Amino acid sequence: MDVVEQLVPLAEEAGPPMTHLAMAFTIAHPGVTAALLGPRTMEHLDDLLAWAGPA
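**Considerations on the packing of helix α2 (residues 18–28) against helix α3 (residues 42–52)**
Two elements in contact, α2 and α3, have axes whose closest approach is 10 Å; the angle formed by their N-to-C orientations is 55 degrees. The pairing of α2 with α3 is recorded here as oblique in orientation. Where α2 crosses over α3, the handedness of that crossing is right-handed. Residue-level inspection shows T19, H20, M23, A24 and I27 of α2 in contact with α3, the latter providing H44, D47, L48 and W51. Of the residues in the contact of α2 with α3, the class split is 5 nonpolar, 3 polar and 1 charged.

Here it is, written out as structure tokens:
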């Protein structure tokens with residue numbers, strides 16, 4: 001978790017929220033065949049749905 005916490009300032013500097021970066025990394029990684037969305041809060045869900053765009 002310490003290493004993950006170090007990514008927060010980098011994400012803030014880059015612009016996109018951590019939730020977007022996490023999903024982007026997951027779906028762009030060649031070893032990943034599926035990405036499951038599992039937000040902890042409604043705010044996370046709303047944020048990810050807005051990022052994903054219309055269905």
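**Some points on a nonpolar patch on the surface**
Residues M1, V4, L7 and L10 make up a contiguous nonpolar surface patch of about 420 Å² in total accessible area. Tracing the chain through its elements places M1 in the segment before α1 (2–14).

**Re the environment of L36**
Structurally, the position occupied by L36 is in the loop between α2 and α3. Residue L36 is classed as exposed on the basis of its relative accessible area of 80%. Counting along the chain gives 13 residues from L36 to M23, while the straight-line C-alpha distance between them is 9.1 Å.

**Concerning the side chain of H20**
Looking at where H20 falls in the secondary structure, it is placed in helix α2. A polar side-chain atom of H20 sits 3.0 Å from a polar atom in the side chain of D47. Among all residues touching H20, those that are not within four sequence positions of it are D47, L48 and W51.

Calculation rules
- Residues numbered from 1 in each chain as written.
- Predicted model: local features only at pLDDT ≥ 70, side-chain atom pairs only at ≥ 80, totals over all residues.
- Heavy atoms only, no water.
- Axes fitted to C-alpha atoms, helices over the stretch in contact; angles between N-to-C directions.
- Helix = DSSP H or I, 4+ residues; strand = E, 2+ residues; numbered from the N terminus.
- Parallel < 35°, antiparallel > 145°, perpendicular 65-115°, else oblique.
- Left-handed = near helix turned anticlockwise from the far one by under 90°.
- Contact = heavy atoms within 4.5 Å.
- Nonpolar A, V, L, I, M, F, W, Y, C, P; charged D, E, K, R; others polar.
- Patch = residues over 30% accessible without salt bridge, like charges linked within 9 Å, V, L, I, M, F, W, Y side chains within 5 Å.
- Areas by Shrake-Rupley, 256 points an atom, 1.4 Å probe, with all protein chains shown as cover.
- Salt bridge = Lys/Arg side-chain N within 4 Å of Asp/Glu carboxyl O.
- Buried < 20%, exposed > 50% of the residue type's maximum accessible area, 1.4 Å probe, protein only.
- Polar contact = N/O pair within 3.5 Å; in protein donor to acceptor, adjacent residues only side chain to side chain.

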